[in-house]
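Residue-level structural notes
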2 protein chains.
Amino acid sequence: MDEKHKSRPASVPPSPNERPTLKTIAFMTGLGITTVSRALKDAPDIGAETKERVRLVAAQVGYHPNRAGVRLRTGKTNVISLILSLEEEFIGLTSPMVVGISEILAATQYHLVITPYSARSDPLDPVRYVLDTGAADGVIISRTEPKDPRVALMMERNFPFGTHGRTEMGHVHPFHDFDNERFAYDAVRMLVERGRRRVMLLHPPPSLTYHMHMRTGFERGLRDFGATSVPFNTVDLDNSLADIRAACEAVMRAPGAPDGVISGSGGGAVALVAGIEAAGLKLARDVDMVSKQSNDFLQWLRPEVITLREDFRLAGRELAKAVIARIEGQPSAELQTLSFPVLQN
Amino acid sequence: MDEKHKSRPASVPPSPNERPTLKTIAFMTGLGITTVSRALKDAPDIGAETKERVRLVAAQVGYHPNRAGVRLRTGKTNVISLILSLEEEFIGLTSPMVVGISEILAATQYHLVITPYSARSDPLDPVRYVLDTGAADGVIISRTEPKDPRVALMMERNFPFGTHGRTEMGHVHPFHDFDNERFAYDAVRMLVERGRRRVMLLHPPPSLTYHMHMRTGFERGLRDFGATSVPFNTVDLDNSLADIRAACEAVMRAPGAPDGVISGSGGGAVALVAGIEAAGLKLARDVDMVSKQSNDFLQWLRPEVITLREDFRLAGRELAKAVIARIEGQPSAELQTLSFPVLQN
DNA sequence: TTCAAAATCTGTAACGATACAGTTGTCTTG
DNA sequence: CAAGACAACTGTATCGTTACAGATTTTGAA
């Protein structure tokens, strides 16, 4: 009654309810699997008419190449890995970046995989993981340091990546950065324009590259606009909001308190405002403040704070584009972008 | 001079610098590839001593199973997909969820893939994509509706998933939800305790399941504590902050303005505060406000607002655990959790 | 001593895709 | 009209893993 069942010859019709594969299309068109594969990649040795027919059938049956098949054969994962620190303090900043990255990847074959690490572990671990297991075709990292071992490792292995922030090792690699020097410089200018002269800066942690950028802009601003610095080195943006608030209140109560404050992030600004007010001072009257900000909350609740916007979503888009371009072989030197502070409202 | 090169017999030593595979371990132990595979899975037909030896060598060379190989052969992707709306308004809420999910997945073989969709497209699209391409072993979705077509589809296909929020279709599926009914009920109580009687609610969009939960709790609270409702139906939490502010200001200036306000989210609360103050009213004096909140900003800048915390990070953890358990066959009924409002400070 | 059962181990064939090395058949060209 | 060139297509092996069906050795009961 039944036919032979031993081994399925190439011409057996694929069962209708399963995912279509190259074999499905090969059967439907009467072509070989290889031909179908090459037709879909627009290879030069396939006839134009055949290509058209294959494309049509493929679209018809809703063919998507099996990612595992491609990955196993070619090593191409079609994955971009975003390496994220899980600390609550940073996640607020990085989440609009996820949106930007997704926006770009949506139009491509790439998927976005979140590769986390905790502050307690070595930041090199996730990078090593991706490199050793071939988990992705490209990587995006944040919190870049001047001598960043992650960058060194990926450069050495010639692995495509982009960094949010610059490095200072003489390596040319894709990056997107916010011009923090300009930010701090402009911030000092705006404070001096409001008659402020004694300025204090809540800076990023010293280990990160942009710490120096911000300091440089700050000090250049002090010189150019004739202001002086009030030391505020007991805390940085990685400290808890409570610590920042306490430190700020202390400075504000001390003799020679600042009349101008610059915050390197919106979260820090909130704590600084609380510290200022806890010291019995009033924004805009006793103290002016300039903050870097990426969401609207601060603006809504303390419109007196002057806000310069950093667009993290844009950063995500730029980094995603850069990493993909790098994967496709474009030179790193062409994949470096900078964005600039924008006065909010 | 050189040996035969035609075809590599099974006993050819794998080159030392490449990723170890089963073949590597097979060569080193002198066993067959199959034996190694089964030894690593602790199969019953492999000797105890052999298993130990294989495990040792595998650890020694740092063996990780090739994901593409496993996926191609078994269909198991070891991926959990988080389906995310890319609208800025929601991403703030979902980002702590990413942290929670990552915390759980970090201890497993699972990777987290972000599958985005935009409000302009069909929310079913990303679900269909995952189902049709087999892109993941499990899915997490948010913004659940009472009759959610995504849930219906995944139930029909018997595909593991968890939802942030409940549905009302008579389907038993894993979920984690915040008790929004209790939140609104408690909020009314707290306002009445402060002498407020005319209460207004900024509610979630009516399409989402928790809209009804929140309304129910709200109305039950009104009855139980003897307050009345001030209509506020022109906007909901999906509107822009500017729209919410404007609507709030209008209500506050109108006759019969509320003296108590409840906000279904922290972002909305910020806009409401701005609206209240634009109308010349003062928090705690003229109006009291209770808000659901997941970050600290509101607390720092308007401590007068009473804040009930919803822990999104916990939600991420619970959902990740639930989906994995579901994948492993645990019944859905055991994978439903609820979390409760916690008074901040 | 014999032989079936149990305990261990192993080769082969897939999963779906692609690199590579052919195989056709047609068309120039001298 | 032979023969090389070219265009269009195809079979085989392979990536790393696991299901399946043996194969071999050991054990133990009769």
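To be clear, the structure that these remarks concern was listed above.
Each chain carries its own residue numbering, running from 1 in the direction its sequence is written. Ligands are numbered from 1 and chains lettered from A, in the order in which they are written. Given that the model is predicted, a residue must reach a pLDDT of at least 70 before its local features are reported, and side-chain atom pairs must reach 80 or more before they are shown or counted; all residues, however, enter totals for whole chains, interfaces and linings. Hydrogen atoms and water are omitted, and side-chain values are computed over all heavy atoms in the structure.

This part takes up the overall build of chain A. Counting secondary structure elements, chain A contains 13 helices and 12 strands. Over its C-alpha trace chain A gives a radius of gyration of 27 Å, far above what one expects of a compact globule, namely 20 Å for 345 residues. When its C-alpha atoms are laid out on the principal axes, chain A stretches across 100 × 40 × 40 Å. Each accessible area value is a Shrake-Rupley result obtained with a 1.4 Å probe; residue values ignore everything except the protein chains displayed when judging cover. Accessible area for chain A stands at about 15,900 Å²; split by element, carbon and sulfur atoms hold 52% of it. The helix count covers DSSP runs of H or I at least four residues long, the strand count covers runs of E at least two residues long, and both are numbered beginning at the N terminus. Computation of the radius of gyration draws on C-alpha atoms alone. For the globule rule, the value is 2.2 Å times the number of residues to the power 0.38.

This part covers the packing of aromatic side chains. Note on aromatic contacts: the rings of Phe and Tyr and the six-membered ring of Trp form a pair at centre separations within 6.5 Å, being stacked when their planes are under 30 degrees apart, edge-to-face when over 60 apart, and tilted otherwise. Summed over all chains, the structure comprises 4 aromatic pairs over all chains. Summarising the aromatic geometry, the rings of F178(A) and F183(A) are spaced 6.3 Å apart at their centres and angled 50 degrees between planes, so their arrangement reads as tilted. Accessibility expressed as a relative area gives 1% for F178(A), which makes it buried. Geometrically, a lysine NZ or arginine CZ counts as sitting over a ring once it is within 6 Å of the ring centre and also within 35 degrees of the ring normal. Seen from the ring of F183(A), K292(A) lies directly overhead, with NZ or CZ sitting 5.9 Å from the centre. R220(B) extends its terminal NZ or CZ atom over the ring of Y185(B), reaching a point 4.1 Å from the ring centre. Note on exposure labels: buried denotes an accessible area under 20% of the residue type's maximum, exposed denotes more than 50%, and partly exposed covers the range between, all computed with a 1.4 Å probe on protein chains only.

Every one of the 23 residues lining DNA strand D counts as a neighbour, but T34(A), T35(A), K41(B), Y63(B) and R73(B) are closest to it. Put simply, a residue is near a molecule or strand once any heavy atom of it comes within 4 Å of that molecule or strand. Within 4 Å of the protein, the contacting atoms of DNA strand D are drawn from sugar and phosphate to the extent of 55%. Backbone polar atom of G47(A) to a phosphate oxygen of DNA strand D: 2.8 Å apart, as the coordinates give it. Here S37(B) contributes a side-chain N or O atom positioned 2.8 Å from a phosphate oxygen of DNA strand D. Put simply, the parts of the chain that give the surface near DNA strand D at least two residues each are α2 (33-40) and α4 (67-74) of chain A together with α2 (33-40) and α4 (67-74) of chain B. Ranked by residue count, the leading element in the surface near DNA strand D is α4(B), at 4 residues. Of the residues assigned to the surface near DNA strand D, the class counts are 8 nonpolar, 11 polar and 4 charged. Under this definition, polar contacts are N or O atom pairs within 3.5 Å; protein pairs additionally need one hydrogen-donor-capable and one acceptor-capable atom, and for neighbouring residues in sequence, both atoms have to be side-chain atoms. Think of it as three bins: nonpolar holds Ala, Val, Leu, Ile, Met, Phe, Trp, Tyr, Cys and Pro, charged holds Asp, Glu, Lys and Arg, and polar takes everything else, Gly as well.

The transform that puts chain A on chain B rotates by 180 degrees and translates by 0.0 Å along the axis, for an RMSD of 0.1 Å. On this basis, the relationship between the two copies can be described by a two-fold rotation axis. In this analysis, two residues are considered to be in contact whenever any of their non-hydrogen atoms come within 4.5 Å of each other. An overlap of 100% is found between the interface residues of chain A and their copies at the interface of chain B, pointing to a shared contact surface. Our superposition of the copies is a least-squares fit, built on the C-alpha atoms of residues whose pLDDT is at least 70 in both.

Residues and elements named next belong to chain B. Side-chain alternation along strand β3 (residues 138-141) places G138 and I140 on one buried face and V139 and I141 on a second face that is also buried. Bridge count between strand β1 (residues 79-85) and β3: 3 bridges; the pairing is parallel. Looking at the pairing, I80 lines up with G138 of β3. Here β3 pairs with strand β4 (residues 161-164) via 3 bridges, running parallel. The residue of β4 that forms the bridge with V139 is F161. Only when DSSP finds a minimum of two bridges between them are two strands counted as paired.

Once that is clear, we can look at the side chain of T163(A). Secondary-structure assignment places T163(A) in strand β4 (residues 161-164). In terms of polar contacts, T163(A) uses its side chain to reach the backbone carbonyl oxygen of G165(A), at 2.6 Å.

This part takes up unusual backbone geometry. Negative phi is the rule for most residues except glycine; trans is the rule for most peptide bonds. All names here are of chain A. One non-glycine residue with positive phi stands out, namely N78, at about 55 degrees. Counting through the fold element by element, N78 comes out in the loop between α4 and β1 (79-85). Since its relative accessible area comes to 16%, N78 is described here as buried.

What follows deals with the sheet that holds β3(B). Strand order across the open sheet formed by 12 strands is β11(A)-β5(A)-β4(A)-β3(A)-β1(A)-β2(A)-β2(B)-β1(B)-β3(B)-β4(B)-β5(B)-β11(B), with mixed pairing between neighbours. Both outer strands of the open sheet, β11 (336-339) of chain A together with β11 (336-339) of chain B, are each paired with one neighbouring strand and no more. Here the average twist between neighbouring strands, direction ignored, is 20 degrees. Pairing geometry for strand β5 (residues 175-178) of chain B and β11(B), over 4 bridges, is parallel. Counted as the bridge partner of H176(B) is T337(B) from β11(B). To get an axis, a line is fitted to the C-alpha atoms, and for a helix only the part in contact is used. The angle between two axes follows their N-to-C directions and goes from 0 to 180 degrees.

Residues and elements named next belong to chain B. Relative to the assigned elements, S339 resides in strand β11. Relative accessible area serves as the criterion here: at 8%, S339 is assigned to the buried category. Excluding anything up to four places from it in sequence, S339 contacts H176, D177, F178, D179 and L314.

In this section: the protein's contact with DNA strand C. Looking at DNA strand C, there are 24 residues lining it, with S37(A), K41(A), Y63(A), R73(A) and T35(B) nearest. Here, DNA strand C places atoms within 4 Å of the protein, and 54% of those atoms are sugar or phosphate. Within the side chain of S37(A), a nitrogen or oxygen atom sits 2.7 Å from a phosphate oxygen of DNA strand C.

The next thing to look at is the interface of chain A and chain B. Counting from both sides, the interface comprises 39 residues of chain A and, opposite them, 39 residues of chain B. In this description, buried area is defined as the sum, over both parts, of the accessible area (probe of 1.4 Å) that is lost when the two are combined. Of the roughly 3,800 Å² buried between chain A and chain B on both sides combined, carbon and sulfur atoms contribute 72%. Its largest share of buried area at the contact with chain B, chain A owes to F297(A), W300(A) and L301(A), together 19% of the area lost on that side. For the pair chain A and chain B, the number of links is 8 residue pairs in polar contact (both at pLDDT 80 or more). Taken together, the elements giving at least two residues each to the side of chain A that touches chain B come down to α4, α5 (88-105), β2 (111-117), α6 (124-133), α10 (241-253), α11 (266-278) and α12 (297-301) of chain A. With 7 residues, α5(A) is the single largest residue contributor to the side of chain A that touches chain B. For the side of chain A that touches chain B, the per-class residue count stands at 21 nonpolar, 9 polar and 9 charged.

Relative orientation and spacing of two packed helices are given, respectively, by the angle between their axes and the distance between those axes. Interhelical geometry of α4(A) versus α4(B) gives an angle of 140 degrees and a closest axis separation of 8 Å. Between α4(A) and α4(B), the crossing angle belongs to the class labelled oblique. Considering how the two elements wind past one another, α4(A) and α4(B) form a crossing that is left-handed. Counted together, R67(A), A68(A), G69(A), R71(A) and L72(A) of α4(A) and R67(B), A68(B), G69(B), R71(B) and L72(B) of α4(B) form the full contact between these two elements. Oblique is the label for any angle not covered by the other classes, which are roughly parallel (under 35 degrees), roughly antiparallel (over 145) and roughly perpendicular (65 to 115). The handedness criterion is simple: a crossing whose near helix is rotated anticlockwise from the far helix by less than a right angle is left-handed, and one whose near helix is rotated clockwise is right-handed.

A few words on the pattern of salt bridges. Residues and elements named next belong to chain B. Here, a salt bridge means any side-chain nitrogen of Lys or Arg that lies within 4 Å of a carboxyl oxygen of Asp or Glu. Inspection of every chain in the model, using the stated rule, returns 46 salt bridges over all chains. A salt bridge links D137 to K76, with the shortest nitrogen-to-oxygen separation between them at 3.9 Å. On the criterion of sequence distance, the pair formed by D137 in the loop between α6 (124-133) and β3 and K76 in the loop between α4 and β1 is long-range, its members being 61 residues apart. With relative accessibility at 30%, the residue K76 sits in the partly exposed group. Across the salt bridge formed by E103 and R317, the nearest N and O atoms sit 2.9 Å from each other. Placement of E103 in helix α5 (residues 88-105) and of R317 in helix α13 (residues 312-327) is noted, with a sequence separation of 214 residues between them. Exposure remark for E103: the relative accessible area of 27% places this residue in the partly exposed category.

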